[in-house]
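Single-letter residue listing:
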Amino acid sequence: MHRVLITDPLSNHGIEQLLQAEDVEVIQKTDLTPEQLLEEVKEADALLVRSQTQVTAEVIAAGKRLQAIGRAGVGVDNIDIPAATSRGIVVVNAPDGNTVSTAEHTFAMLISLARNIPQGYRSTVQGEWNRKQFVGVELNKKTLGIVGLGRIGTELSKRARAFHMKVLAFDPYLTQERAQKIGVTQATLDEVIAQSDFITVHTPLTKETRHLINRDAFNRMKDGVRVINCARGGIIDEEALAEAIRKGKVAGAALDVFETEPPGHHPLFDFPQVIATPHLGASTREAQENVAIDVAGEVLHILRGEPFKNAVNLPSIPAELQEKLRPYQTMAEKLGSFASQAAEGALQEVTVSFSGELAEWDTAPLTRIILKGVLSHYLSDVNYVNAPHLAKERGVKVTEQKISKRHGFTHLIRIHIATDTGEIAITGALLNGLGPRIVRIDEYSVDVEPAGHQLLIQHHDRPGAIGRVGTILGDHDVNIAAMQVGRRDIGGRAIMMLHVDKAVPEALLEALEQLDEIHRVTAIDL
Ligand SMILES: NC(=O)c1ccc[n+]([C@@H]2O[C@H](COP(=O)([O-])OP(=O)(O)OC[C@H]3O[C@@H](n4cnc5c(N)ncnc54)[C@H](O)[C@@H]3O)[C@@H](O)[C@H]2O)c1
Ligand SMILES: O=C(O)[C@H](O)COP(=O)(O)O
């Protein structure tokens, strides 16, 4: 039974698939204190949040069973992603579900700011009839500067264009072609700052975007500029904003998000030019159903070991590529595990080579899976989320190579492992009708199914060696299911690859190592 803990309010309709799933127990507990959260997360296999729950490294460490963290929304700055990745926990979000709602909220804030609607409302309901104090400005023919032209910024630009605004957009990933296609003018950040009548930010909060709109930016803005932040508190430096309002540079500000949430009585609220909402950008029935449905579905896939999308800490794999690579995934992990068990010494380097048609594909996902197989021999709790992170953390050099020439097999995967005492190379292929096979161990050609209990014996080629090995296995009641022998030269170094019916006891390994012709015996369990 999978336990899913939900600690922020999610649409019930949106999580219906979780509530109805027979293999899932849903625990909904919102407004938990940090201490309560640490307690509740201990038994959770998945944690679903919005922006309020702070999923810190401490919470992640307490979640010993956590496999997935689902963010029912876009921004994941309330989740310690590196900590989740280090633990091999997949973080998924719902990047599309609240785009329109947030763009509409931003536009509502833009109009409210231009026409002083909240101020006019407050005055009128207090019995005043003040028609001079709240004179506003038109949006028509004014310039809207958008910082961050992603999903929300793009939807907002469409609404601004419908109000005959000129739209300038700064986004490091915006192309001239796309700018023209959506009818905005591509600009530098400086141009947006200097030329806009209204400036709105729609970037994630990152170390690059924190205080992106700072005192220097305000000083370069047009007098009477109006600014909007419906993205994340902190993109606009709140102290610099207050100073710019005091100096009369900024005519008004509309804030849906704050550097600290909830903001309490924020100093900015003392300015009549400032309007605010409590992080309502995604607070519509439609958005909350969308994001809950999206994230609940992905978390369910993860818990069930099924393909999923919108992982924040994993590269996305196009569906077509997923289909191509799927047949190789099991083999990749088995090969990685075989190679690391066959290697001797402390792991230093892993080099993965893909040849044949595999060389023409993006095989990074397979390299991740191979690395998981390799590291699983040395570390517990490894999966393909944290494998690259754990390898890097331990100074293991991981290299991926593509070899276009073929070796008789259409697709080959070769794993070379270097340790502090030696190296070994394992080559595998997916044989039509037979499935995965190890076809080379170092320079020896073999035909080994990477499954079950294996014995890799490196020995000196001499008469009777095979018989003596067979006898010792028989003495220890271990039956041989299959056997491969490979050698370089007659009387030289050779290997035996035995597929046996049960795990090899330590006593048997010791007995084999007593034979003169045996160099090394390795038990490999896949
Ligand atoms: N107020 C709310 O309730 C609410 C709702 C949804 C999203 N958000 C916030 O809005 C943000 C944007 O959401 P989205 O769905 O449009 O995300 P998105 O990823 O589609 O777009 C973000 C854009 O910002 C751009 N960007 C990144 N760094 C930049 C920089 N330094 N300068 C300029 N552009 C930069 C990216 O290239 C991208 O195009 C989210 O990260 C989230 O924090 C808030
Ligand atoms: O990043 C987001 O999706 C928004 O900030 C929405 O946050 P919320 O889910 O807390 O409303």
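Residues numbered from 1 in each chain as written. Chains lettered and ligands numbered in written order. Predicted model: local features only at pLDDT ≥ 70, side-chain atom pairs only at ≥ 80, totals over all residues. Heavy atoms only, no water.

What follows covers the overall build of the chain. From N to C terminus, the chain includes 17 helices and 22 strands. Taking the principal axes of the C-alpha coordinates as reference, the chain spans close to 110 × 50 × 40 Å. Going through the 526 residues of the chain one by one, you find that 51% of them count as buried. Excluding contacts between residues fewer than 6 apart, the proportion of contacts in the chain whose partners are at least 24 apart in sequence is 65%. As displayed, the chain has an accessible area near 24,800 Å², and 50% of this comes from carbon and sulfur atoms. (Helix = DSSP H or I, 4+ residues; strand = E, 2+ residues; numbered from the N terminus. Buried < 20%, exposed > 50% of the residue type's maximum accessible area, 1.4 Å probe, protein only. Contact = heavy atoms within 4.5 Å. Areas by Shrake-Rupley, 256 points an atom, 1.4 Å probe, with all protein chains shown as cover.)

What follows deals with the site of ligand 2. Taken together, Arg50, Ser51, Arg71, Ala72, Gly73, Val74, Gly75, Asn98, Arg232, His279 and Ala282 are the residues near ligand 2. In this structure, Ser51 approaches ligand 2 through a side-chain N or O atom, which is 2.4 Å from an oxygen atom. Between ligand 2 and Arg71, the relevant distance is 3.0 Å, taken from an oxygen atom to a side-chain nitrogen or oxygen of the residue. Computed on the free molecule, ligand 2 has an accessible area of 310 Å², of which 90% lies beneath the protein chains in the complex. Its residues assigned to classes, the shell around ligand 2 comprises three nonpolar, five polar and three charged. (Near = heavy atom within 4 Å. Polar contact = N/O pair within 3.5 Å; in protein donor to acceptor, adjacent residues only side chain to side chain. Nonpolar A, V, L, I, M, F, W, Y, C, P; charged D, E, K, R; others polar.)

Let us look at the UniProt feature "domain: ACT" (unreviewed entry) in the chain. Sites flagged by UniProt as "domain: ACT" (unreviewed entry) map to residues 454–526. With 26% helix and 42% strand, residues 454–526 has end C-alpha atoms that lie 8 Å from one another. (UniProt positions renumbered as here; feature names shortened; annotations may be inferred.)

What follows deals with the sheet that holds strand β18 (residues 444–448). Read across the open sheet, the six strands follow the order β14-β13-β15-β16-β17-β18; overall the sheet is mixed. Edge positions in the open sheet fall to β14 (397–403) and β18, since each of these has one partner strand only. Averaged over all pairs of adjacent strands, the angle between their axes in this sheet comes to 20°, without regard to strand direction. Helix α13 (residues 319–342) rests against β15 (411–419), β16 (423–431) and β17 (435–441) of the sheet, and its axis sits at about 155° to β16. Here helix α14 (residues 364–375) sits on the sheet and contacts β13 (347–356), β14 and β15; the angle it forms with β13, its principal contact strand, is near 140°. (Pairing = 2+ DSSP bridges. Axes fitted to C-alpha atoms, helices over the stretch in contact; angles between N-to-C directions.)

Before going further, it helps to spend a moment on the environment of Asp270. Tracing the backbone through its elements, the reader meets Asp270 in the loop between β11 (250–255) and β12 (274–276). Note on Asp270: relative accessible area 54%, which makes it exposed. Each C-alpha atom of the pair Asp270 and Leu32 lies 31 Å from the other, and the pair is 238 residues apart in sequence. Within polar-contact distance, the side chain of Asp270 engages the side chain of His265 at 2.7 Å.

Once that is clear, we can look at the pairing of strand β19 (residues 453–460). The element β19 is extensively covered by neighbouring structure, given that six of its eight residues are classed as buried. The pairing of β19 with strand β21 (residues 493–500) spans eight bridges and is classified as antiparallel. Looking at the pairing, Ile457 lines up with Met496 of β21. Sheet analysis places β19 next to strand β22 (residues 518–525), joined by seven bridges and oriented antiparallel. When the bridges of β22 are listed, Ile457 appears paired with Val521.

Moving on, we get to the packing of α13 against α14. Relative orientation of the contacting elements α13 and α14 amounts to 35°, with a least axis distance of 7 Å. As α13 runs across α14, the sense of the crossing is right-handed. Where α13 approaches α14, its residues Leu325, Tyr328, Gln329, Ala332, Glu333, Gly336, Ser337 and Ser340 are matched on the opposing element by Pro365, Leu366, Ile369, Ile370, Lys372, Gly373 and Val374. Split into classes, the residues belonging to the contact of α13 with α14 amount to eight nonpolar, five polar and two charged. (Left-handed = near helix turned anticlockwise from the far one by under 90°.)

Running from N to C, helix α16 (residues 465–475) and helix α17 (residues 506–513) cross one another at 155°; their axes reach a closest spacing of 10 Å. The angle between α16 and α17 falls in the class roughly antiparallel. α16 and α17 meet at a crossing whose hand is right-handed. The segment α16 lies against α17, with Val469, Ile472 and Leu473 engaging Leu508, Ala511 and Leu512. (Parallel < 35°, antiparallel > 145°, perpendicular 65-115°, else oblique.)

As summarised here, the arrangement of the five strands in space is β2-β1-β3-β4-β5, forming an open sheet in which the pairing is parallel. Edge positions in the sheet fall to β2 (24–28) and β5 (90–93), since each has one partner strand and no second. On average, each strand axis in the sheet is tilted by 20° relative to the strand beside it, whichever way the strands run.

This part is about unusual backbone geometry. A cis geometry characterises the amide bond from Glu261 onward to Pro262, with omega recorded as -5°. With respect to the helices, strands and loops of the structure, Pro262 is situated in the loop between β11 and β12. With a phi angle near 65°, Lys141 is a residue other than glycine that sits in the positive phi range. Looking at where Lys141 falls in the secondary structure, it is placed in the loop between α6 (117–125) and β6 (143–147). You can call Lys141 exposed: its relative accessible area is 70%.

Turning our attention to the site of ligand 1. Arg151, Ile152, Asp171, Tyr173 and Cys230 are the nearest of the 25 residues found near ligand 1. Protein chains shield 86% of the accessible area of ligand 1, which is 860 Å² for the free molecule. A per-class count over the shell around ligand 1 returns 12 nonpolar, nine polar and four charged.

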